[in-house]
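Understanding the architecture of this molecule
Chain residues, written in single-letter form:
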Amino acid sequence: MPTITHSTGVRSARTLGKLQVRLVLGVVMQFTMPLDTNAHHPVRRAGEGVGTDRLMERLKIGGSSQEIALRKRCFGGGVTGTARCVFTSDADGDTLHVQTQSSRKNYADASHVSAVILGGGTGVQLFPLTSTRATPAVPVGGCYRLIDIPMSNCLNSGINKIFVMTQFNSASLNRHIHRTYLGGGINFTDGSVQVLAATQMPEEPAGWFQGTADAIRKFMWVLEDYYNQNDIEHVLILCGDQLYRMNYMELLQKHVDDNADITISCAPVNESRASDYGLVKFDSSGRVIQFFEKPEGADLESMKVDTSFLSCAIDDTQKYPYIASMGIYVLKKDVLLDILKSKYSQLQDFGSEILPRAVLEYNVKACIFTEYWEDIGTIKSFFDANLALTEQPPKFEFYDPKTPFFTSPRYLPPTRLEKCKIKDAVISDGCSFSECTIEHSVIGICSRLSIGCELKDTMMMGADLYETEEETSKLLLEGKVPVGIGENTKIRNCIIDMNARIGRNVVIANSKGVQEADHPEEGYYIRSGIVVILKNATIKDGSVI
């Protein structure tokens with residue numbers, strides 16, 4: 001029997017009579033239905049534009065209020081791009097390609113977009129990983145840094161005019177940005193990456209950024225000149241401590257379609273995490289009517305919303321009764337200047353101060369993101385997100401040939417394995433393992449594991465340097481501990497920071513279940529029950545943690 005298919009990625013499916021509908025993020029859909037070759041079908045020729053609602057009405061689908069709400073609240077009312085339908089007939093094998101064009105008048109142009117990536121504050125929640133580095137410089141996924149996430153998403157989205165604002169412990173972050181994006185061979189054509197470090201201004205002796213808005217305001221004299229010279233129309237504000245993959249131009253397109261002053265990228269969250277974020281409420285048009293930063297108690301309860309309109313993208317919407325800001329914003333350039341230089345010139349932070357007021361005075365829209373997104377804001381979330389990379393299938397993976405994640409080119413040799421047992425693990429380049437066991441763990445670059453080692457539920461960041469076999473043997477003869485993990489050491493539920501030296505016959509398991517402990521003199525902390533071995537720490541032979 002002939003079928004009609006409209007191809008794209010699929011999230012979930014519903015069946016309406018003989019017509020199977022799959023709603024997809026964006027505006028496109030996939031459906032399959034019996035085709036009566038004698039009946040009239042709403043096929044349009046190329047160039048005959050039709051909006052999403054009209055198209056779905058003609059196809060006799062999408063009439064329910066939930067599906068309409070999903071399209072309008074999440075993705076606007078227009079068609080994101082070109083839609084291609086393919087008619088196939090099992091009877092005669094004929095194939096007819098039909099192309100429908102978008103009726104959109106305005107398209108978001110990446111050449112008129114500039115991104116600002118905020119380097120974050122002191123990183124208290126990720127301490128001790130942030131004791132000597134900024135949060136965006138924290139290693140993730142074996143060979144990446146957190147800054148690689150927004151940077152790569154920008155480049156994959158065609159956005160190449162990027163500013164990175166740094167403040168605390170920024171040396172390693174600056175070094176990584178230079179090696180990867182300035183000296184790593186990435187071609188920015190007409191774009192650039194510029195690092196703006198916190199600077200003491202004559203009229204503001206304190207110098208430090210007081211919040212996300214203040215960080216941008218302090219460099220508005222740089223940004224405004226750049227925006228005017230490069231004809232920038234929209235500014236994309238990003239965080240440097242999240243794990244996700246996003247095409248920012250889809251967010252920008254909705255921003256343009258809605259003619260919004262500000263667009264907030266949002267994600268559904270459960271009750272246990274809701275108080276960690278700024279929460280939003282919006283009306284049927286997608287306009288944000290309330291923004292509340294990190295509410296608790298009765299305030300938290302008041303921010304609950306009906307998320308059933310996401311039922312086609314999320315299996316159980318009742319588990320996610322809140323809509324949280326992802327800390328990703330798009331603003332018209334003129335609106336950003338007005339907010340920071342005039343209307344809210346005394347306010348320091350977007351989430352806690354500006355957005356709660358802006359929703360009352362500006363056209364602020366929400367755009368819902370239902371793909372994988374993890375805010376790496378605590379040791380627990382960082383640890384869980386890394387170990388989740390080893391799951392089969394993983395909820396998130398760095399590998400995607402169409403949208404790769406970039407990082408510093410290190411030119412390391414392949415990892416060498418000798419009689420090892422490895423299960424559900426991510427292994428980076430340049431490692432050397434001998435007769436060891438690794439399970440449910442992420443192993444960073446240049447890691448060394450000796451005979452008899454056992455690692456389980458462990459995030460090992462690796463090393464910045466190599467020690468040759470001769471150097472390792474010499475250290476052992478001198479009674480010292482080389483970089484890596486010594487013989488017969490057992491480690492579980494642990495984060496091992498860069499260049500750690502762990503001796504022989506060590507046991508790291510937190511068998512007593514301690515939740516919080518500080519032992520910097522011994523080279524470790526315990527956070528949320530997870531043992532964190534410090535960067536450059538030395539754990540002596542026979543130690544038990």
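Residues numbered from 1 in each chain as written. Predicted model: local features only at pLDDT ≥ 70, side-chain atom pairs only at ≥ 80, totals over all residues. Heavy atoms only, no water.

The next point concerns the pairing of strand 10 (residues 161–166). Counting buried positions over the 6 residues of strand 10 gives 6, a clear majority of the element. Looking at chain direction, strand 7 (residues 113–118) and strand 10 are connected through 4 bridges and run parallel. Directly across from Ala115, in strand 10, lies its bridge partner Ile162. Where strand 10 and strand 11 (residues 192–197) come together, 6 bridges link them in parallel fashion. Each residue of the ladder has a partner; that of Thr166, found in strand 11, is Ala197. (Buried < 20%, exposed > 50% of the residue type's maximum accessible area, 1.4 Å probe, protein only. Helix = DSSP H or I, 4+ residues; strand = E, 2+ residues; numbered from the N terminus. Pairing = 2+ DSSP bridges.)

Let's shift gears to the side chain of Asn160. For Asn160, the position within the fold is in the loop between helix 3 (148–156) and strand 10. Relative accessible area serves as the criterion here: at 12%, Asn160 is assigned to the buried category. Ignoring any residue separated from it by four or fewer positions in sequence, one finds Asn160 in contact with Phe188, Thr189, Asp190, Gly191 and Ser192. (Contact = heavy atoms within 4.5 Å.)

Moving on, we come to the confidence of the model for the protein. The predicted model of the protein has a mean per-residue pLDDT of 82, with 78% of residues at 70 or higher. Confidence drops under a pLDDT of 50 for residues 1–64, and excluding neighbours within four residues, the segment shows 144 contacts in the predicted structure. Note on residues 77–102: pLDDT is under 50 here. Beyond four places in sequence and across chains, it has 65 contacts. (pLDDT = per-residue confidence, 0-100.)

Between Phe127 and Pro128 the backbone carries a cis peptide bond, its omega angle lying at 15°. The peptide bond linking Gln392 to Pro393 adopts the cis configuration, its omega dihedral lying at -10°. Topologically, Pro393 is positioned in the loop between helix 12 (379–387) and strand 20 (416–418). Although it is not a glycine, Asn488 adopts a positive phi angle of roughly 60°. The topology assignment puts Asn488 in the loop between strand 26 (484–485) and strand 27 (490–496).

Within this structure, the stated rule accounts for 12 aromatic pairs. Summarising the aromatic geometry, the rings of Phe127 and Tyr525 are spaced 5.2 Å apart at their centres and angled 85° between planes, so their arrangement reads as edge-to-face. On the criterion of sequence distance, the pair formed by Phe127 in the loop between strand 7 and strand 8 (139–140) and Tyr525 in strand 31 (residues 524–527) is long-range, its members being 398 residues apart. Judged by relative accessible area, which is 29%, Phe127 ranks as partly exposed. We classify Tyr525 as buried; its relative accessible area is 10%. (Phe/Tyr/Trp six-rings, centres within 6.5 Å; stacked < 30°, edge-to-face > 60°.)

Attention now goes to the packing of helix 10 (residues 333–343) against helix 11 (residues 350–361). In a packed pair of helices, the relevant descriptors are the angle between the two axes and the axis-to-axis distance. Orientation of helix 10 relative to helix 11, taken along the N-to-C sense of each, is 110°, at an axis distance of 12 Å. Our classification of the angle between helix 10 and helix 11 gives roughly perpendicular. Between helix 10, through Leu336, Ile339, Leu340 and Lys343, and helix 11, the contact on the second element is made entirely by Phe350, Ile354 and Glu361. Class assignment of the residues belonging to the contact of helix 10 with helix 11 gives a composition of 5 nonpolar, no polar and 2 charged. (Axes fitted to C-alpha atoms, helices over the stretch in contact; angles between N-to-C directions. Parallel < 35°, antiparallel > 145°, perpendicular 65-115°, else oblique. Nonpolar A, V, L, I, M, F, W, Y, C, P; charged D, E, K, R; others polar.)

As a further point, take the side chain of Asn153. If you trace the backbone, Asn153 turns up in helix 3. Accessibility expressed as a relative area gives 1% for Asn153, which makes it buried. A polar side-chain atom of Asn153 sits 3.3 Å from the main-chain carbonyl oxygen of Tyr244. Contact partners of Asn153, with chain neighbours within four places excluded, come to Tyr244, Arg245, Met246, Tyr248 and Phe405. (Polar contact = N/O pair within 3.5 Å; in protein donor to acceptor, adjacent residues only side chain to side chain.)

In this section: the nonpolar core. Counting 69 residues, the largest nonpolar core has Leu236, Phe382 and Ile495 as its most contacted members. The contact partners of Ile495, leaving out residues within four places of it in the chain, are Leu129, Ile379, Phe382, Phe383, Met459, Met461, Ile530, Val531, Val532 and Ile533. Within the second largest apolar cluster, 48 residues are counted, among which are Ala215, Phe282, Phe291 and Val335. (Core = buried A, V, L, I, M, F, W, Y, C linked by side-chain atoms within 4.5 Å.)

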